[in-house]
Amino acid sequence: MQLELKQIIIQPGTQLLLKDITWPMFETLLTELGESRASRLSYSKRTLEIMVPLIEHQVTKVLITA
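What comes next is a walk through the structure. (Residues numbered from 1 in each chain as written. Predicted model: local features only at pLDDT ≥ 70, side-chain atom pairs only at ≥ 80, totals over all residues. Heavy atoms only, no water.)

1. Some details on the side chain of Glu-49
Here Glu-49 lies in strand β3 (residues 47-52). The side chain of Glu-49 sits in the buried core without any salt bridge; Arg-40 is the nearest counter-charge, 11 Å away. Sequence-distant contacts of Glu-49, defined by excluding residues within four places in its chain, comprise Gln-15, Leu-16, Leu-17, Arg-40, Leu-41 and Ser-42. (Helix = DSSP H or I, 4+ residues; strand = E, 2+ residues; numbered from the N terminus. Buried < 20%, exposed > 50% of the residue type's maximum accessible area, 1.4 Å probe, protein only. Lys, Arg positive; Asp, Glu negative; His and termini not counted. Salt bridge = Lys/Arg side-chain N within 4 Å of Asp/Glu carboxyl O. Contact = heavy atoms within 4.5 Å.)

2. A closer look at the side chain of Ser-39
Considering the arrangement of structural elements, one finds Ser-39 in the loop between α1 (23-33) and β2 (40-44). Dropping the residues within four chain positions of it, Ser-39 is found in contact with Leu-33, Ile-50, Met-51 and Val-52.

3. Re the packing of aromatic side chains
Counted by the stated rule, this structure contains three aromatic pairs. Aromatic side chains Trp-23 and Phe-26 sit 5.1 Å apart centroid to centroid with 55° between the ring planes, which places their arrangement in the tilted category. Residue Trp-23 and its partner Phe-26 are both found in helix α1; the two are separated by three residues, about one turn of the helix. Residues Trp-23 and Tyr-43 carry aromatic rings whose centres are separated by 5.3 Å and whose planes lie at 70° to one another, so their mutual orientation is edge-to-face. Here the residue Trp-23 occupies a position in helix α1, and Tyr-43 occupies one in strand β2, the gap between them amounting to 20 residues. On the basis of relative accessible area, Tyr-43 is assigned to the partly exposed category, the value being 22%. Put simply, the rings of Trp-23, Phe-26 and Tyr-43 pair up and form one aromatic cluster. (Phe/Tyr/Trp six-rings, centres within 6.5 Å; stacked < 30°, edge-to-face > 60°.)

As structure tokens, this is what we get:
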């Protein structure tokens, strides 16, 4: 079975861990998601963590960068 990114829903304030992700797979995900995504991705030792910050954190980020 293969999932598409559009099938995965992650609620703000939660995280999703995916195991056995290769570096090329990670790079493909970054490309598909683009630069203006709300989610944060981190990769280490074939494990990908996808986090979606709470709305409050996004507001703070905008204020800091302004």
